[in-house]
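Letter by letter, the chains look like this.
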Amino acid sequence: MKVLVVGGGGREHALCWAISKSPKCKKLYAAPGNAGIADVAECVDISAEDVKGIVHFAKSEKINFVVIGPEAPLVSGLADELGKAGIKAFGPSAKAAAIEGSKGFMKDLLAKYGIPTAEYGRFNEPDAAKEYITRNEHKVVVKADGLAAGKGVILCHNKNEAYAAIDHIMTERAFGGAGDEVLVEEFMEGEEASFFALVDGTHAVALASAQDHKAAFDGDTGPNTGGMGAYSPAPVIDQAMHDKIMKTIIEPTIKGMAEEGCPYKGVLFAGIMITDQGPKVLEFNARFGDPECQALMARMKSDVLDALLACADGTLDKANIQWNKETALVVVMAADGYPGHYEKGSGINNLAAANAIEGVTVFHAGTQTDGDKIVSSGGRVLSITAMGKSVKDAQAIAYKAVDTIDWPEGFCRRDIGWRALDR
Ligand code: AMP
Ligand code: GLY
């Protein structure tokens, strides 16, 4: 079949790499892709957010299956538009993607179906939000309701910081319309993990667990990023915790979404806080995590295309997903300055040598070709992914590959995997 992957990050490179290995995939396209994806797919110059352009291309090329990577086209209704054109897609409808696109919708769903999460209030007016903060005894987290590229969440250590966060989002409109409404949440303490399940509307199949590293610098310091590294499996999610998350979080969420008239299809990514009272939902995403996806794809032994198709076809109950028992660990290399201002266009060398190291796959994110050179074209640029018998092993192999790459304008964290190693 002809498959189109929408997106051009490390997540989409990993998806393309895994899909290209499926005997069912006869032709693979990516829109827009990147310099690494170009090794396994034909890149077409259409933005991931250009819903019309993607539908037009999929129709004219007679694409059989579209795999949607990022959240923005999902929230804009790409899966719905493809459906109307008779093209199968992996990813939820716009209505179901509201589980990521509107934090208020998500929290109300959790409350209605008794799914564990932080206490919260929803406000569309700053004074009411501040009054709630004044009344509340807990430390709070203030969040813009809509999509804010992962930046609309402010962790507040005292009431003054919380009042300032309300002004920043609602009065200064730091995130534009995404901050027309805010959520004020109880600050949860615990260890964070990412949990992924494939869902076909009614059935949910758990994928492997993973842990991300959101802060820019070693020791979890510096500003929050999209993710600087990951590993899978996450030792904090043992079998008992896994079962508890499926039973108290994933299954009731799928049931609730169906009851609300927006059955969920695609991958459901739960950001979980493992608290003293058990696992609680931090957030849901309607897509794979990046860089968690790179670790999952490196570990998936069975045919990923079969699994993604089963979500679209409603046949997940028959799917048989197999995992490599080893650990996959991903180190993200980003341009100096990320997540703030950074330059583009610096040359990256020795990629082939790094990729040739046993157990290593170098996934590209913000890269493009410039003549016969690979140059940076984004904030997060490479995801160095290594398989190893343990976290320690995978970490050593990943950093060997990082040290092989010659890119003076880039940086990475040197402590990816520390939580698992500390246990
Ligand atoms: P979100 O995009 O809602 O997951 O928030 C981004 C990050 O902020 C999460 O990964 C957590 O590290 C942190 N965070 C969000 N909500 C809370 C909360 N209620 N308590 C503690 N930390 C939180
Ligand atoms: N790595 C976290 C995310 O993709 O949101």
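None of the values given here were measured: they were computed from a predicted structure.

A. Region of interest: the overall build of the protein chain. For the protein chain, the count of helices and strands is 14 helices and 23 strands. Against the compact-globule benchmark of 22 Å for 423 residues, the protein chain has a radius of gyration of 21 Å, which places it among compact chains. Expressed as lengths along the three principal axes of its C-alpha atoms, the size of the protein chain is roughly 60 × 45 × 45 Å. Buried residues in the protein chain amount to 57% of all 423 residues. By sequence separation, contacts in the protein chain at least 24 residues apart represent 68% of the contacts at least 6 residues apart.

B. Region of interest: the sheet that holds strand 3 (residues 42-43). Within the open sheet, the five strands sit side by side as 3-2-1-4-5. Their pairing is parallel. Edge positions in the sheet fall to strand 3 and strand 5 (88-90), since each has one partner strand and no second. When strand 1 (residues 2-7) meets strand 2 (residues 27-32), the two strands line up parallel, connected through six bridges. What sits directly across from Val6, in strand 2, is Ala31. Relative to strand 1, helix 1 (residues 10-19) is tilted by about 165°, and along the sheet it contacts strand 1, strand 2 and strand 4 (65-68).

C. Seen up close, the side chain of Thr117. Mapping Thr117 onto the fold places it in the loop between helix 6 (103-112) and strand 6 (120-123). For Thr117, a relative accessible area of 15% puts it in the buried group. Reaching out from Thr117, the side chain makes a polar contact with the side chain of Lys107 at a distance of 2.8 Å. What Thr117 contacts, discounting residues up to four positions off in sequence, is Lys107, Leu110, Met188, Lys280 and Val281.

D. Spatial organisation of the sheet that holds strand 9 (residues 182-186). Strand order across the open sheet formed by four strands is 6-9-7-8, with antiparallel pairing between neighbours. Each of the sheet's edge strands pairs with one partner strand only, and the pair in question is strand 6 and strand 8 (153-155). The sheet shows a mean angle of 15° between the axes of neighbouring strands, direction not considered. Pairing geometry for strand 7 (residues 140-144) and strand 9, over five bridges, is antiparallel. Residue pairing in the sheet places Val142 in a bridge with Val184 of strand 9.

E. Geometry of the site of ligand 2. Taken together, Asp212, Gly226, Phe269, Arg287, Gly289, Asp290, Pro291 and Glu292 form the complete shell of residues around ligand 2. Residue Asp212 places a side-chain N or O atom 2.7 Å away from a nitrogen atom belonging to ligand 2. Glu292 has a polar side-chain atom sitting 2.8 Å from a nitrogen atom of ligand 2. Considering only residue class, the shell around ligand 2 consists of two nonpolar, two polar and four charged.

The rules behind these values
- Residues numbered from 1 in each chain as written.
- Chains lettered and ligands numbered in written order.
- Predicted model: local features only at pLDDT ≥ 70, side-chain atom pairs only at ≥ 80, totals over all residues.
- Heavy atoms only, no water.
- Helix = DSSP H or I, 4+ residues; strand = E, 2+ residues; numbered from the N terminus.
- Rg over C-alpha atoms; globule rule 2.2 N^0.38 Å.
- Buried < 20%, exposed > 50% of the residue type's maximum accessible area, 1.4 Å probe, protein only.
- Contact = heavy atoms within 4.5 Å.
- Pairing = 2+ DSSP bridges.
- Axes fitted to C-alpha atoms, helices over the stretch in contact; angles between N-to-C directions.
- Polar contact = N/O pair within 3.5 Å; in protein donor to acceptor, adjacent residues only side chain to side chain.
- Near = heavy atom within 4 Å.
- Nonpolar A, V, L, I, M, F, W, Y, C, P; charged D, E, K, R; others polar.

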